[in-house]
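One letter stands for each residue in the lines below.
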Amino acid sequence: MSSYYFTIIGTRDNPLYELEFSSFKAPASLIPGESHFTAKVKELLPFIANSSLDLVEDSQWLTPNFNLGRIDSFGGIWVNAFVTQGNVKFILCYDNPNSNNSLDNGISSGGSTKYDESSMKHFFNDAYDLYVKALLNPFYGANDPLVSPDFDYKIKIVAKKYL
Amino acid sequence: MGYNIGMRLIEEFLAKTGAQRCESFRETADMISKVGFKMFLNTVPQIENFSSDGTSFSLILTENPLAEFVELPLTQYPKIHKELWYSQLYCGVLRGALQMVQLDTDVYFVRDSIRGDDKTEIRLKLNKVLKDEIPAGED
Amino acid sequence: MRIFSLYILNKAGGLVFQKDVNPGIAKLTANDYLVLAGTLHSVHAIATNLKPAECRSLNETAQTVNGQILSSGKASTPNVNNLGLQHVDTDYFSLYVFQTLTGIKFVLVTSPVAKQDHSHESPLSTKGELRKQYELVEEYFKQLYVLYCDYVMKDPFYSTDMPIKSTLFEAKIKSVCEA
């Protein structure tokens, strides 16, 4: 069962939003959507996300797409990224279900990975949509933390829909 | 706020619809919601709670184009949720526009859904028809 | 029909705009224009009192207009000048008065209604001609009023009831009125 860590990082590399959850498609755990990262990994997640920012900045010029796909991996945690027009980064870290938590074992081209890629792309697109709507709120300034409970709720709905 | 916008906007309303002076405040209510709001904001608020003497009513906005993406910020100042009427502009515009057709009114917000209320309600109260100021020449 | 000039009067009868859009009419002094505007305003107001002693509303349709707008969504004429001075016709010019619900008056001076031969002129046909021109002018007024609200009322540097100085408005007026 895969767990996810989603974070939005502003233009000054400042965190705006973070959320941990697990796939809702997996057999129901005690609490649906509860993440299953080990305590040790949990501590590391923000660092993994932030350390991938350099790679995001490198790869964003190599593709015309906003969705950069998988750009990094660290200790069995894979990192997908999406960069908006305004240079805000969406980072999604998740434990690779195929790798059995081993260290990076290269890009596997299994069918499930492919499926994940497209659902992550949809997740990013919908999250981008929600982010733009949040940005349209006159009380929200660019690079402010996204503290709105409504935004949080909607991101969770999107997460449940695709991941 | 919005009073001067209303004073100017009424000209456009009259020029583009050709509306004539209303016989009753009920007719005014219909013209505001079904013609005015429709024309400028593409939404038709409902008219509710007409007082028995026919001098006040409520406009219920089912959608509010001014506040479509607005969320009031979460702050430690409770004042924001108690004192800020985000769409107060409507009140001024309505009052200004009605003033120009010689209707002296009070317009105020009762509820606003972005504050967490169940609906958005604007109350219009007619104080007086300024008969002396109606320009000569009409029937 | 040729439009000579346009006057716009505010609620109080003050001249806020005067423009000769086509040549062919003698110029007056600036003061005379103000006097003319004031006089027209007063005559218009007095004329509203000239009616039969027991005058009921002549224009029953005015009451149903709003109902029609509500039901069909179709615009009608914004002219509410029903009782006052509507037009003046002379051998040299015709003058038309249009009034809005907010009390603004638009006055157009045009060439006179085409004259038929005097010897066998039937009063009926003259009346028809007058009517035709009146309806044509009504269309112009509608357009001018729309220009007024778009280019004058929406100009943030314009203060209401003051003289209109907008060159953009003048240019638009010219393009509508130039025959």
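Each value, and the rule that gives it
Residues numbered from 1 in each chain as written. Chains lettered and ligands numbered in written order. Predicted model: local features only at pLDDT ≥ 70, side-chain atom pairs only at ≥ 80, totals over all residues. UniProt positions renumbered as here; feature names shortened; annotations may be inferred. Helix = DSSP H or I, 4+ residues; strand = E, 2+ residues; numbered from the N terminus. Contact = placed C-beta atoms within 7 Å. Buried ≥ 20, exposed ≤ 12 C-beta atoms within 10 Å, placed from the backbone. Nonpolar A, V, L, I, M, F, W, Y, C, P; charged D, E, K, R; others polar. Pairing = 2+ DSSP bridges. Axes fitted to C-alpha atoms, helices over the stretch in contact; angles between N-to-C directions. Core = buried A, V, L, I, M, F, W, Y, C linked by C-beta atoms within 7 Å. Expected span 1.5 Å × (residues − 1). Arc of directions from axis to C-beta. Parallel < 35°, antiparallel > 145°, perpendicular 65-115°, else oblique. Left-handed = near helix turned anticlockwise from the far one by under 90°. pLDDT = per-residue confidence, 0-100.

The name given to chain C in an unreviewed UniProt entry is Trafficking protein particle complex subunit, with Australozyma saopauloensis as the source organism. Here is the UniProt Subunit (unreviewed entry) comment for chain C, exactly as written: "Part of the multisubunit transport protein particle (TRAPP) complex." Taken verbatim from the UniProt record of chain C, the Sequence similarities (unreviewed entry) comment is "Belongs to the TRAPP small subunits family. TRAPPC4 subfamily."

Trainee: What exactly am I supposed to notice about the overall build of chain C here?
Mentor: Along chain C, the regular secondary structure elements total four helices and five strands. Reading the helices (α) and strands (β) of chain C from amino to carboxyl end gives β-β-α-α-β-β-β-α-α. Long-range pairs, those at least 24 residues apart, make up 51% of the contacts in chain C between residues at least 6 apart in sequence.

Trainee: How should the overall build of chain A be read in this particular structure?
Mentor: Within chain A, the secondary structure is distributed over four helices and five strands. Secondary structure elements in chain A, listed N-terminal to C-terminal, are β-β-α-α-β-β-β-α-α. Buried residues in chain A amount to 30% of all 163 residues. Partitioning the contacts of chain A with sequence separation of at least 6, the portion at a separation of at least 24 is 52%.

Trainee: Just to check I follow, could you spell out the interface of chain B and chain A for this structure?
Mentor: It is common to give the size of an interface as the accessible area lost on bringing the parts into contact. Taken together, the contact between chain B and chain A spans six residues of the former and eight residues of the latter. In the side of chain B that touches chain A, the residues fall into five nonpolar, no polar and one charged.

Trainee: What should I look at first to understand the interface of chain B and chain C in this one?
Mentor: Every contact between the two is made by 27 residues of chain B and, on the other side, 34 residues of chain C. Among the secondary structure elements, those contributing two or more residues to the side of chain B that touches chain C are helix 1 (3–17) and helix 2 (25–41) of chain B. Among the elements that line the side of chain B that touches chain C, the one with the most residues is helix 1 of chain B, at nine residues. For the side of chain B that touches chain C, a count of residues per class yields twelve nonpolar, four polar and eleven charged.

Trainee: For this particular structure, what's the right way to read the arrangement of the chains?
Mentor: Ranked by contact count, the leading pair among the two pairs of chains in contact consists of chains B and C. In this structure chain A stays clear of chain C, and the shortest span between their C-alpha atoms is 24 Å.

Trainee: Sorry if this is basic, but what is going on with the sheet that holds strand 2 (residues 15–20) of chain C here?
Mentor: The pairing of strands in a sheet comes from backbone hydrogen bonds and takes either a parallel or an antiparallel form. Residue and element names in this part refer to chain C. Read from one edge to the other, the open sheet built from five strands follows the order 2-1-5-4-3, with strand pairing classed as antiparallel. Of all strands in the sheet, those bounded by a partner on one side alone are strand 2 and strand 3 (87–89). Averaged over all pairs of adjacent strands, the angle between strand axes in this sheet comes to 10°, irrespective of strand direction. Across six bridges, the pairing between strand 4 (residues 94–99) and strand 5 (residues 105–110) is antiparallel. Residue pairing in the sheet places Y96 in a bridge with L108 of strand 5. Across the sheet, helix 1 (residues 30–47) touches strand 1 (3–9), strand 2, strand 4 and strand 5, and the angle it forms with strand 2 is around 115°.

Trainee: Explain the environment of C:V152 here, please?
Mentor: All names here are of chain C. Tracing the backbone through its elements, the reader meets V152 in helix 3 (residues 123–153). Taking the C-alpha atoms as reference points, V152 and S166, separated by 14 residues in sequence, lie 7.3 Å from one another. Setting aside residues up to four positions removed in sequence, V152 forms contacts with Y158, I164, S166 and F169.

Trainee: Whenever I open this one, the nonpolar core confuses me. Can you help?
Mentor: For soluble globular proteins, the rule of thumb is that nonpolar side chains tend to be buried together. In this structure, B:L94, B:A97, C:L6, C:Y7, C:F106, C:V107 and C:L108 are the most contacted members of the largest nonpolar core, which totals 60 residues. Ignoring any residue separated from it by four or fewer positions in sequence, one finds B:L94 in contact with B:G6, B:I32, B:V107 and B:L124.

Trainee: How should helix 4 (residues 149–162) of chain A be read in this particular structure?
Mentor: Because the α-helix completes a turn every 3.6 residues, residues three or four places apart line up on one side. Residues and elements named next belong to chain A. The end-to-end C-alpha separation of helix 4 is 20 Å, in line with the 20 Å expected for 14 residues at 1.5 Å each. Taken residue by residue, helix 4 has F151, I155, A159 and Y162 as its buried positions. Buried residues along helix 4 cover an arc of 80° about the axis, so they all sit on one side. Those residues of helix 4 that are exposed and aimed more than 90 degrees away from the buried face are P149, D150, Y153, I157 and K161.

Trainee: Looking at this model, I keep getting lost on the packing of helix 1 of chain B against helix 4 (residues 89–100) of chain B. Mind explaining?
Mentor: Packed helix pairs are characterised by how far apart their axes lie and by the angle those axes make with each other. Residue and element names in this part refer to chain B. The geometry of helix 1 relative to helix 4 is characterised by a closest axis approach of 6 Å and an angle of 55° between their N-to-C directions. As far as their axial angle goes, helix 4 and helix 1 are oblique. For helix 1 against helix 4, the interelement crossing comes out right-handed. Of the residues in helix 4, those touching helix 1 at Y3, N4, I5, G6, M7, L9, I10 and F13 are G92, V93, L94, R95, G96, A97, Q99 and M100. Split by residue class, the contact of helix 1 with helix 4 holds ten nonpolar, five polar and one charged.

Trainee: Looking at this model, I keep getting lost on unusual backbone geometry. Mind explaining?
Mentor: Keep in mind that most residues, glycine aside, have a negative phi and that most peptide bonds are trans. Residues and elements named next belong to chain A. Positive phi values are uncommon outside glycine, yet D13 reaches one of about 60°. By secondary structure assignment, the location of D13 is in the loop between strand 1 (3–9) and strand 2 (15–22). By C-beta crowding, D13 is classed as exposed, having 10 other C-beta atoms within 10 Å.

Trainee: For this particular structure, what's the right way to read the confidence of the model for chain C?
Mentor: Do not read the fine detail of predicted coordinates wherever pLDDT is low. Looking at chain C, the pLDDT average stands at 87 and 89% of residues meet or exceed 70. Confidence metrics for the complex model read pTM 0.84 and ipTM 0.88.

Trainee: What's the story with the confidence of the model for chain A in this structure? I'm lost.
Mentor: All names here are of chain A. Scored by pLDDT, chain A comes out at a mean of 83, with 85% of its residues at no less than 70. Strand 1 holds the highest mean pLDDT among the elements of chain A, 92, whereas helix 3 (residues 111–135) holds the lowest, 83. Note that pLDDT drops below 50 for residues 101–111; the model gives that stretch ten contacts with residues more than four away or on any other chain.

Trainee: How should I be thinking about the sheet that holds strand 2 of chain A in this particular structure?
Mentor: Residue and element names in this part refer to chain A. Read across the open sheet, the five strands follow the order 2-1-5-4-3; overall the sheet is antiparallel. A strand with exactly one partner marks an edge of an open sheet, and here the two such strands are strand 2 and strand 3 (67–74). In this sheet, neighbouring strand axes are inclined to one another by 20° on average, regardless of whether the strands run parallel or antiparallel. Two elements, strand 1 and strand 5 (residues 89–95), share six bridges in a ladder whose sense is antiparallel. Its bridge partner being in strand 5, I8 is matched across the sheet by F90.

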